[in-house]
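Residue-level listing of the chains:
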Amino acid sequence: MITTRITELFGIDHPIAQGGMQWVGKAELVAAVANAGALGFITALTQPTPEDLAREIRRTRDMTDQPFGVNLTILPSIKPPPYAEYRQAIIEGGVKIVETAGYKPQEHVDHFKQHGIKVIHKCTAVRHALSAERMGVDAISIDGFECAGHPGEDDIPGLILIPAAADRVKIPMLASGGFGDGRGLAAALALGADGINMGTRFCVTKEAPIPDAFKQRMVENDERATDLIFRTLHNTARVMKNAVSQQVVEIERRGGAKFEDVQALVAGARGRDALADGDTDGGIWSAGMIQGLIHDIPTVKDLIDRIIAEAEAVIESRLGRMLAAAPKKAPA
Ligand SMILES: Cc1cc2nc3c(=O)[nH]c(=O)nc-3n(C[C@H](O)[C@H](O)[C@H](O)COP(=O)(O)O)c2cc1C
């Protein structure tokens, strides 16, 4: 057992979270994570309507009696989804933990806090972590440059970002981006975090509700198999390198690209259809550099048990032995 401020804050066995994931953060995966003693998040906006989200919360509760949360991703959008109604579904669904991600979470945080919901805000910069802390969130998830999805524009990898955040953030903190095994968990704890958040690694589990072709491709991929798209649009996303991401990179490389130039390639509907068809080259798919350390498709429980056992072994045996083996200084 590894006990940290995160396990105590959320009443979970293991300091591991499964962050919100579009098309993946559904009841089957979230319940499997909860039943394995970690913290899973349903992805609110994967559900087409707030009523669907309410149903998904009920479906998850039918599969687990352990704590789980909901991710609310705040996208800068001309036509935003009905956020207030999604929040209401979360509150009325009796959910006690929310992961917010994205821009200006204040009104969402305020509303959740009024209802006694614990909020963990995911962000990619120390300054954003500090401003979320001032807003009154309960915990931070700090996402390094290695991560799948949106790493921000500062390009600071976890090895620097995590201790830089730990030096200044007072509330409990998860390290996110590039984690997938027990060595990573032990490293995150050593760097000052209270646990880890994972996305890509949880996609490659038996319970993840995506076709096997996607899981197999991520197993085969190495750590170089990601592309950064939307760099020139200042809305960077790290995605799995495939035929479509390469076309987007090529269009951006020519210079002066506008969103309309890549819109058809990156359309959410195209990505969703490609996923449904098991066509790994059919659309954009978020995945991180951790693909290079993913070699199998375990159950969620086996994965979590393995990560904890490996982290314990690193801390106790590998590091502990180094201390024990240190030669005693000869008396002066
Ligand atoms: C397929 C996929 C979809 C994702 N969608 C979202 C999302 O909708 N909202 C969000 O806040 N984060 C999203 N993420 C990011 C994850 O929650 C997490 O922060 C990230 O994957 C951590 O990096 P890792 O993949 O290296 O573990 C997504 C990640 C993946 C792999």
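Residues numbered from 1 in each chain as written. Predicted model: local features only at pLDDT ≥ 70, side-chain atom pairs only at ≥ 80, totals over all residues. Heavy atoms only, no water.

A. Up close: the side chain of Thr7. Summarising the element assignment, Thr7 is placed in helix α1 (residues 5-10). What makes Thr7 buried here is its relative accessible area of 6%. Looking at Thr7, its side chain comes within polar contact range of the main-chain oxygen of Thr4, at 2.8 Å. Sequence-distant contacts of Thr7, defined by excluding residues within four places in its chain, comprise Ile2, Ile12, Asp13, His14 and Pro15. (Helix = DSSP H or I, 4+ residues; strand = E, 2+ residues; numbered from the N terminus. Buried < 20%, exposed > 50% of the residue type's maximum accessible area, 1.4 Å probe, protein only. Polar contact = N/O pair within 3.5 Å; in protein donor to acceptor, adjacent residues only side chain to side chain. Contact = heavy atoms within 4.5 Å.)

B. Up close: the pattern of salt bridges. Tallied over the full model, the rule gives 19 salt bridges. A salt bridge links Glu250 to Arg253; the nearest nitrogen and oxygen atoms lie 3.4 Å apart. Of this pair, Glu250 and Arg253 both sit in helix α11 (residues 243-253), three residues apart, which is roughly one turn of that helix. In this structure, Lys301 engages Asp305 in a salt bridge whose closest nitrogen and oxygen atoms are separated by 2.6 Å. In this pair, Lys301 and Asp305 both sit in helix α14 (residues 300-324), four residues apart, roughly one turn of the helix. For Asp305, a relative accessible area of 31% puts it in the partly exposed group. Overlapping salt bridges, with partners in common, bring together Glu28, Glu56 and Arg59 in one network. (Salt bridge = Lys/Arg side-chain N within 4 Å of Asp/Glu carboxyl O.)

C. Expanded view of the site of the ligand. Lining the immediate environment of the ligand, one finds 22 residues, of which Gly20, Thr73, Lys122, Gly178 and Thr200 sit closest. At 3.0 Å, a backbone N or O of Gln22 approaches a nitrogen atom of the ligand. A distance of 2.8 Å separates an oxygen atom of the ligand from a polar backbone atom of Gly199. Contributions of two or more residues to the shell around the ligand are made by β3 (69-74) and β8 (196-198). Here the residues of the shell around the ligand are counted per class, giving seven nonpolar, 13 polar and two charged. (Near = heavy atom within 4 Å. Nonpolar A, V, L, I, M, F, W, Y, C, P; charged D, E, K, R; others polar.)

D. Structural view of the side chain of Thr226. If you trace the backbone, Thr226 turns up in strand β9 (residues 226-229). By relative accessible area, Thr226 is classed as buried at 10%. In this structure the side chain of Thr226 is engaged in a polar contact, spanning 2.9 Å, whose partner is the side chain of Arg238. Those residues in contact with Thr226 that sit more than four places away from it in its chain are Arg238, Val239, Met240, Lys241, Ala287, Gly288, Met289 and Gln291.

E. Spatial organisation of a nonpolar patch on the surface. Where nonpolar side chains cluster on the molecular surface, the patch consists of Ile156, Leu159 and Ile160 and spans about 290 Å² of accessible area. Tracing the sequence through the fold places Leu159 in helix α7 (residues 158-168). (Patch = residues over 30% accessible without salt bridge, like charges linked within 9 Å, V, L, I, M, F, W, Y side chains within 5 Å. Areas by Shrake-Rupley, 256 points an atom, 1.4 Å probe, with all protein chains shown as cover.)

Bear in mind that shape data such as this cannot, by itself, settle questions of function.
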